[in-house]
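The primary structure of each chain is shown beneath.
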Amino acid sequence: MNSAPYIGRFAPSPTGPLHFGSLVAAVASWLDARAAGGRWLVRMEDLDRPRCEPGAADTILRQLDAYGLHWDGAVLVQSQRGSAYATALNELKDGGAVYPCACTRSQLAQVSRNHEGEIVYPGTCRNGLPPGAVARSWRVRVPDVNTHFHDRIHGDLQQNLAHDVGDFIVKRADGLFAYQLAVVVDDAFQDITHVVRGADLLWNTPRQIYLQSLLGLPTPVYAHVPLITNAAGQKLSKQTLAPALPESGRGEVLMQALAALGHPPPGELAAGPAELLAWASTHWQIENVPLQPTIANAVR
């Protein structure tokens, strides 16, 4: 366990307002920090600017505040951090850890995919660009070894990056820096010691650990909370038309979020966000968080 003072973070992408699934992740992250007497930071992960919705970042901050999830310090905005990511990429280039890639999505459309549905890059450009090809992106050269890591909820896990992911992108063809690079640079910049986030990011962790090792950055302690799904078993998201958090009945919604995290408040505790979060902060045990997704059929 990391012995540094606890610093956690919540890092939403402002592609729309928070929904119930993102609230559950935020509550888990906030409670884990507060129960440890630590700090809780907010970071706007707006790297994918074409997908970001105007005004969504401000809406998210208002929602967090309304649900009692108050953060510490200034909000870090990824779109303002390009120079830090460029410095990290140059360090990877200097170390020979990355290479240019000319592959297009259409060229990789028939490539095998992993259990997350992601393309396993076959190494087409690993030993140099094909004749006449033009570099479009930059990829990290991954080793054929198992990456072991411990998740506080899922236990001991491992992944072979070469077999399960392949050389992954750190700078995209559209010129934007990739999430994997930005997140490790920003976690180190903000001195993040603990990451509590949704289980959809569980298998991103080995990639991030590998980048941390290449860049000489510390590795936080990870925990991945269960996803919230709709009745069809789809993760709640903008793509699956998840509704925004309601502006009324916040206490009831927060009680449902706590129940989804294995911490149902006692029946007599019918209260607002501040009282519910105060109760949950003193009762938080990450060991009680379930592994299985929760269906958000009671949230409207």
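Values in this document were obtained by computation on a predicted structure and should not be read as measured data.

### Considerations on the overall build of the protein
Part 1 of the argument: The helix and strand inventory of the protein stands at eight helices and twelve strands.
Part 2 of the argument: For a compact globule of 300 residues, the expected C-alpha radius of gyration is about 19 Å, and the protein comes in at 20 Å, within 12% of that figure.
Part 3 of the argument: Principal-axis analysis of the C-alpha atoms gives the protein an extent of 70 × 40 × 35 Å.
Part 4 of the argument: The 300 residues of the protein split such that 49% are buried.

### Things to note about the pairing of strand 7 (residues 155-160)
Part 1 of the argument: Pairing analysis gives six bridges linking strand 6 (residues 146-151) to strand 7, with the strands arranged antiparallel. Looking at the pairing, His 150 lines up with Asp 156 of strand 7.
Part 2 of the argument: What sits between the antiparallel neighbours strand 6 and strand 7 is a turn of three residues.

### Description of the nonpolar core
Part 1 of the argument: Membership of the largest hydrophobic core comes to 42 residues, with the highest contact counts inside it found for Leu 23, Leu 64 and Leu 69.
Part 2 of the argument: Of all the secondary structure elements, the ones that give two or more residues to this core are helix 1 (20-35), strand 2 (39-44), helix 2 (56-66), strand 10 (221-225), helix 7 (250-260) and helix 8 (273-283).
Part 3 of the argument: Ranked by the residues each element gives to this core, the list is headed by helix 1, at ten residues.
Part 4 of the argument: Contact partners of Leu 23, with chain neighbours within four places excluded, come to Tyr 67, Leu 69, Leu 245, Val 253 and Ala 257.

### Quick look at the state of the cysteines
Part 1 of the argument: This model, assessed by the stated rule, comprises zero disulfides.
Part 2 of the argument: No disulfide involves Cys 103; its sulfur sits 3.8 Å from that of Cys 101, the nearest cysteine.

### Some details on the side chain of Gln 78
Part 1 of the argument: Inspection of the secondary structure assignment puts Gln 78 in the loop between strand 3 (76-77) and helix 3 (82-94).
Part 2 of the argument: For Gln 78, a relative accessible area of 1% translates into the label buried.
Part 3 of the argument: In this structure the side chain of Gln 78 is engaged in a polar contact, spanning 3.0 Å, whose partner is the side chain of Asp 186.
Part 4 of the argument: Gln 78 has contacts with Arg 43, Met 44, Glu 45, Asp 46, Leu 47, Tyr 85, Ala 182, Val 183 and Asp 186, leaving out every residue within four places of it along the chain.

### A few points about the sheet that holds strand 5 (residues 137-140)
Part 1 of the argument: Strand order across the open sheet formed by three strands is 4-5-8, with antiparallel pairing between neighbours. The outermost strands of the open sheet, each flanked by one partner alone, are strand 4 (98-101) and strand 8 (169-171). Direction aside, neighbouring strands of the sheet carry axes that sit 40 degrees apart on average.
Part 2 of the argument: Sheet topology places strand 4 next to strand 5; four bridges connect them, and they run antiparallel. Directly across from Val 98, in strand 5, lies its bridge partner Val 140.

### A look at helix 1
Part 1 of the argument: The end-to-end C-alpha distance of helix 1 is 22 Å, a good match for the 22 Å that 16 residues give at a rise of 1.5 Å each.
Part 2 of the argument: Among the 16 residues in helix 1, 14 count as buried, and that is most of the element.
Part 3 of the argument: Directly after helix 1, the chain includes Gly 37, whose backbone phi takes a positive value near 70 degrees.

### What about the packing of helix 1 against helix 7?
Part 1 of the argument: In contact at an axis separation of 9 Å, helix 1 and helix 7 are set at 70 degrees when each is read in the N-to-C sense. Classified by the interaxial angle, the pair formed by helix 1 and helix 7 is roughly perpendicular. Between helix 1 and helix 7 lies a crossing of right-handed hand. On helix 7, the residues that touch Phe 20, Leu 23, Val 24, Val 27 and Leu 31 of helix 1 are Val 253, Leu 254, Gln 256, Ala 257, Leu 258 and Ala 260.
Part 2 of the argument: Tallied by class, the residues present in the contact of helix 1 with helix 7 amount to ten nonpolar, one polar and no charged.

Cut-offs used in this document
Residues numbered from 1 in each chain as written. Predicted model: local features only at pLDDT ≥ 70, side-chain atom pairs only at ≥ 80, totals over all residues. Heavy atoms only, no water. Helix = DSSP H or I, 4+ residues; strand = E, 2+ residues; numbered from the N terminus. Rg over C-alpha atoms; globule rule 2.2 N^0.38 Å. Buried < 20%, exposed > 50% of the residue type's maximum accessible area, 1.4 Å probe, protein only. Pairing = 2+ DSSP bridges. Core = buried A, V, L, I, M, F, W, Y, C linked by side-chain atoms within 4.5 Å. Contact = heavy atoms within 4.5 Å. Disulfide = S-S within 2.5 Å. Polar contact = N/O pair within 3.5 Å; in protein donor to acceptor, adjacent residues only side chain to side chain. Axes fitted to C-alpha atoms, helices over the stretch in contact; angles between N-to-C directions. Expected span 1.5 Å × (residues − 1). Parallel < 35°, antiparallel > 145°, perpendicular 65-115°, else oblique. Left-handed = near helix turned anticlockwise from the far one by under 90°. Nonpolar A, V, L, I, M, F, W, Y, C, P; charged D, E, K, R; others polar.

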